[in-house]
Amino acid sequence: MRRGSLTSAVLFVVSVACFGSASAAPLILAEGGQTDYQIVVSATEASPSERYAAQELVQFLRQITGADFPTRTCAEARPGKSIFVGDSVALRGIAPGFRVELLGREGYVIRTVGDHLILAGGRQR
């Protein structure tokens, strides 16, 4: 993915997360250069593209918000607000019916569950 496309995708994700839908309360990912969110990615199940996406997300969110979003594995994740990148045991714990394999190679999901944000898609994308 070209850098411009990735930047656009991150801005879209932040917009969806911050403004949400009319029926859901908005998620405030960062305010005043501070965040309560962590980025969670599986240490054992994440594909290389999911690991890369998590790293890119940290960089772009820092540029956009000024906040440092810690990246943690499922085992390291703390209770509280999380951004889940890709499929993981921790994700299935907060969204038991979620099945990434139903998305196919090109499908993706951007969804909130309570105070959590889910960003997942085809395993190699």
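Residues numbered from 1 in each chain as written. Predicted model: local features only at pLDDT ≥ 70, side-chain atom pairs only at ≥ 80, totals over all residues. Heavy atoms only, no water.

## Focus: the sheet that holds strand 2 (residues 71-72)
Selection rule: In this scheme, strands are said to pair when DSSP sees at least two bridges between them. Numbering of helices and strands runs from the N terminus, with a helix taken as a DSSP run of H or I at least four residues long and a strand as a DSSP run of E at least two residues long. Contact definition: two residues touch when any of their heavy atoms are within 4.5 Å. Axis definition: a line fitted to C-alpha atoms, over the contacting stretch in the case of helices. Angles run 0 to 180 degrees between N-to-C directions.
Taken together, 5 strands build an open sheet; the order of strands is 2-1-3-5-4 and the sheet is mixed. At either end of the open sheet lies a strand with only one pairing partner, and these are strand 2 and strand 4 (108-113). Bridge count between strand 1 (residues 38-40) and strand 2: 2 bridges; the pairing is parallel. Along strand 2, the bridge assignment pairs Ile39 with Thr71. Each of strand 1, strand 2, strand 3 (82-85) and strand 5 (116-121) is contacted by helix 2 (residues 48-65), which is oriented at about 140° to strand 3, the strand it contacts most.

## Some remarks on the pairing of strand 3
Rule in force here: Each residue is placed in one exposure class: buried if its accessible area under a 1.4 Å probe, protein chains only, is under 20% of its type's maximum, exposed if it is over 50%, and partly exposed if it falls in between.
Residues Ser82 and Phe84 point to one face of strand 3 and Ile83 and Val85 to the other, with burial holding for every one of them. Here 3 bridges tie strand 1 to strand 3, and the two strands are oriented parallel to one another. Bridge assignment links Gln38 to a residue of strand 3, and that residue is Ser82. Where strand 3 lies against strand 5, 3 bridges are found, and the strand directions are parallel. Each bridged residue has a counterpart across the sheet, and for Val85 the counterpart in strand 5 is Leu119.

## Some remarks on the pattern of salt bridges
Test applied: Salt bridges are defined by distance alone: a side-chain nitrogen of Lys or Arg within 4 Å of a carboxyl oxygen of Asp or Glu.
Scanning the entire structure with this criterion turns up 4 salt bridges. Residue Asp87 is joined to Arg92 by a salt bridge in which the shortest nitrogen-to-oxygen separation is 3.0 Å. Assessed through its relative accessible area of 7%, Asp87 is described here as buried. Overall, the relative accessible area of 30% leaves Arg92 in the partly exposed class. What emerges from the salt-bridge pattern is a single network uniting Glu45, Asp87 and Arg92.

## Digging into the environment of Ala75
Positionally, Ala75 belongs in the loop between strand 2 and strand 3. The exposure class assigned to Ala75 is exposed, which follows from its relative accessible area of 77%. Spatially, the C-alpha atoms of Ala75 and Val41 are 9.8 Å apart, while their sequence positions differ by 34 residues.

## A word on the confidence of the model for the chain
Operational definition: Note: pLDDT gives the predictor's confidence per residue, expressed from 0 to 100.
When pLDDT is averaged along the chain, the result is 82, and 78% of the positions lie at 70 or above. Of all secondary-structure elements in the chain, the lowest mean pLDDT belongs to helix 1 (residues 3-19), at 50, while strand 1 reaches the highest, 97.

## Here we look at the pairing of strand 5
Two faces, one strand: in a regular strand the side chains alternate between the faces of the sheet. In terms of burial, strand 5 is a largely internal element, 6 of the 6 residues being buried. Between strand 4 and strand 5, which pair antiparallel and follow one another directly, the connecting turn spans 2 residues, one of which, Gly114, has a positive phi of 60°.

## Quick word on the side chain of Asp87
Defined as follows: Throughout this description, a polar contact denotes any pair of N or O atoms lying within 3.5 Å of each other; where both atoms belong to protein, one of them has to be capable of donating a hydrogen while the other can accept it, and for residues adjacent in sequence the pair is counted only when both atoms sit in side chains.
Along the chain, the position of Asp87 falls in the loop between strand 3 and helix 3 (89-94). A polar contact of 3.0 Å, which involves the side chain of Asp87, links it to the side chain of Arg92.

## Observations concerning helix 2
In plain terms, the rule: Here, expected helix span is obtained from the residue count minus one, scaled by 1.5 Å.
Helix length check: helix 2 (18 residues) gives 26 Å between terminal C-alpha atoms against 26 Å at 1.5 Å per residue, within 8%. Taken together, the buried positions of helix 2 are occupied by Glu50, Ala54, Glu56, Leu57, Val58, Phe60 and Leu61. Gly66 occupies a position one or two residues after helix 2 and carries a positive phi of about 80°.

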